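Residues per chain are reported as follows:
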Amino acid sequence: MHGDGLMQAVLDAAPDTNFLGHGGPKMTAVGGTENWLDKSAVMGIVEVLKQYKWFKMKLKEMLEEIIEKQPDVLVLIDYPKFNLTLAKMVREAGVDIKIVYYISPKVWAWNKGRVPKMAKLLDKMICIFPFEVEIYEEYGLPVTYVGNPLVDELGPIGSDEGRDPNLIGLFPGSREREVAKLFPIMVDAAARLYHRNEELRFAVPAASEKLAEQMEKILEATSMPVEGLITIQQGGSHELMKKAYCGVIASGTATLEAAWQGLPYCLVYKVALPTYMIGKLLVKIEHIGLVNILAGEGIVEEFIQGDADPCHIERALELFIKDPEHRSKLQERLLETAATMGKPGVHVRAAKELLNVLS
């Protein structure tokens, strides 16, 4: 989504620009890029290791493509381990090219020791969180904060207008492994809540047809009485965030989107146990939720690993339903925090920085 927004803004400013590379279907529709999301959308040490050979092959292919085509600038978007490895390979190959990073790696959470190496590899860092600027400036890497692109993609900041008091949103993520681990827990919690309040309804957005089929199979396999209780819809996550009364959301960008829409929620996440144990050693921050990180405090409840269970989710959602004051206070804090993500025009500002590097 962010790649698509950047490409469109670059074309508006410089219509003769040509693209080549790898991204998602939105970027592919603009032209010149290959859709590789089906296999590249994995997260976690164990999950990545299972596809190690494929990633190694893609790095080799991309390097060969860059050497052959000799583009003027290489734009890396998020996805730090792969992209920083590619940047290092490009530099070692002696390719004369500018390298710009859009959507900074979360070095503030994982490893600030990466920053000096990044300063040697990159020509420009374009950040989407204000607190990231100081980190890169310390090591002499040219950096600009442009705001968070979600501001452009989500439209006006949300409110309580038009919400259904009996609709609860379930957001298990956009990766197959996330859905496999989190959706069954959400289904269980939904069944428990419905058992005590039969006016409640639940909806879950599927990011693709493949994920929708996976969710259907999970519903069919559950032992809980959920027939007709949960509606699976193709896409429409933002609309659901506007209509639902509250929700449960997998850790990630969706938690920021929900904050912008004013949807009170609790956060859940589970990964493979080895990934979790290593992550516990590496992560340097108190919270994993982006909204909590932006707010500087735990305004949203986080249920991680063993705590990501139906009972915790049920209790959190029931509190939203039964205690309007609690729900209202959280909604107010979410909207306040979301408002710190910057002003509209993020992709335009990012495109300007990219074109400045080119010129």
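Residues numbered from 1 in each chain as written. Predicted model: local features only at pLDDT ≥ 70, side-chain atom pairs only at ≥ 80, totals over all residues. Heavy atoms only, no water.

What follows is about the overall build of the protein. Broken down by element type, the protein carries 18 helices and 12 strands. For 359 residues, the compact-globule estimate of 2.2 N^0.38 gives 21 Å, and the protein sits close to it at 21 Å. When its C-alpha atoms are laid out on the principal axes, the protein stretches across 65 × 40 × 40 Å. The long-range share in the protein, meaning contacts at least 24 apart out of those at least 6 apart in sequence, stands at 67%. When the accessible area of the protein is evaluated, it comes to approximately 17,800 Å², of which 53% is carbon and sulfur surface. Measuring between centres, the 40 positive side-chain charges of the protein sit 6 Å from its 49 negative side-chain charges. (Helix = DSSP H or I, 4+ residues; strand = E, 2+ residues; numbered from the N terminus. Rg over C-alpha atoms; globule rule 2.2 N^0.38 Å. Contact = heavy atoms within 4.5 Å. Areas by Shrake-Rupley, 256 points an atom, 1.4 Å probe, with all protein chains shown as cover. Lys, Arg positive; Asp, Glu negative; His and termini not counted. Charge placed at Lys NZ, Arg CZ, Asp CG, Glu CD.)

Opposite charge on two side chains permits pairing when their charged atoms draw close. Within the structure shown, the criterion is met by 20 salt bridges. Among the salt bridges present, the one from Glu-318 reaches Arg-196, with a minimum N-O distance of 2.7 Å. Of this pair, Glu-318 sits in helix 16 (residues 310-322) while Arg-196 sits in helix 10 (residues 176-196), and the two are 122 residues apart along the sequence. According to the relative accessible area criterion, Glu-318 is buried, its value standing at 18%. A salt bridge links Arg-333 to Glu-297, with the shortest nitrogen-to-oxygen separation between them at 2.6 Å. Remark: Glu-297 occurs in the loop between helix 15 (290-295) and strand 12 (302-304) and Arg-333 occurs in helix 17 (residues 324-338); sequence separation between them is 36 residues. (Salt bridge = Lys/Arg side-chain N within 4 Å of Asp/Glu carboxyl O. Buried < 20%, exposed > 50% of the residue type's maximum accessible area, 1.4 Å probe, protein only.)

The subject of this paragraph is the confidence of the model for the protein. Mean pLDDT for the protein: 90, with 96% of residues reaching 70 or above. Element-level pLDDT for the protein is lowest in helix 14 (residues 273-282), with a mean of 68, against a maximum mean of 98 in strand 7 (residues 167-171). (pLDDT = per-residue confidence, 0-100.)

The next point concerns the sheet that holds strand 5 (residues 124-127). By definition, the strands of a sheet pair up through backbone hydrogen bonds, in either a parallel or an antiparallel sense. If you walk across this open sheet you meet the four strands as 3-4-5-6, and the pairing is parallel. Either end of the sheet is taken by a strand with one partner, and the two such strands are strand 3 (73-77) and strand 6 (143-145). Strand-to-strand twist of the sheet, defined as the mean angle between neighbouring strand axes without regard to direction, takes the value 15°. With three bridges connecting them, strand 4 (residues 98-102) and strand 5 associate as parallel partners. (Pairing = 2+ DSSP bridges. Axes fitted to C-alpha atoms, helices over the stretch in contact; angles between N-to-C directions.)

Before going further, it helps to examine the packing of helix 10 against helix 16. It is the contact of helix 10 with helix 16, at a shortest axis distance of 8 Å, that shows an interaxial angle of 50°. In terms of orientation, helix 10 lies oblique with respect to helix 16. Here the hand of the crossing between helix 10 and helix 16 comes out right-handed. Along its contact with helix 10, which presents Ile-185, Asp-188, Ala-189, Arg-192, Leu-193 and Arg-196, the element helix 16 presents Pro-310, Cys-311, Ile-313, Glu-314, Leu-317 and Glu-318. (Parallel < 35°, antiparallel > 145°, perpendicular 65-115°, else oblique. Left-handed = near helix turned anticlockwise from the far one by under 90°.)

This part is about the packing of aromatic side chains. Enumeration over the complete set of coordinates arrives at four aromatic pairs. Consider the rings of Tyr-79 and Phe-82, whose centres lie 5.9 Å apart with planes at 45°: the pair is tilted. Since its relative accessible area comes to 7%, Phe-82 is described here as buried. Cluster of aromatic residues (ring-pair linked, three or more members): Trp-54, Phe-55, Tyr-79 and Phe-82. Over the aromatic face of Tyr-245 sits the side chain of Arg-327, whose NZ or CZ is 3.9 Å from the ring centroid. (Phe/Tyr/Trp six-rings, centres within 6.5 Å; stacked < 30°, edge-to-face > 60°. Lys NZ or Arg CZ within 6 Å of the ring centre and 35° of its normal.)

Let us look at the layout of surface pockets. Volume-wise, the second largest pocket comes out at about 250 Å³. Along its surface, the second largest pocket is lined by Lys-81, Leu-84, Thr-85, Lys-88, Arg-114, Lys-117, Met-118 and Leu-121. Broken down by secondary-structure element, the contributors of at least two residues to the lining of the second largest pocket are helix 6 (80-92) and helix 7 (115-121). Broken down by class, the residue content of the lining of the second largest pocket amounts to three nonpolar, one polar and four charged. (1 Å grid on protein atoms, 1.4 Å probe; cavity = no way out; pocket = protein on both sides within 12 Å on 5 of 7 lines; lining within 4 Å. Points joined across faces, edges and corners; volume = space filled by probe spheres on them. Nonpolar A, V, L, I, M, F, W, Y, C, P; charged D, E, K, R; others polar.)

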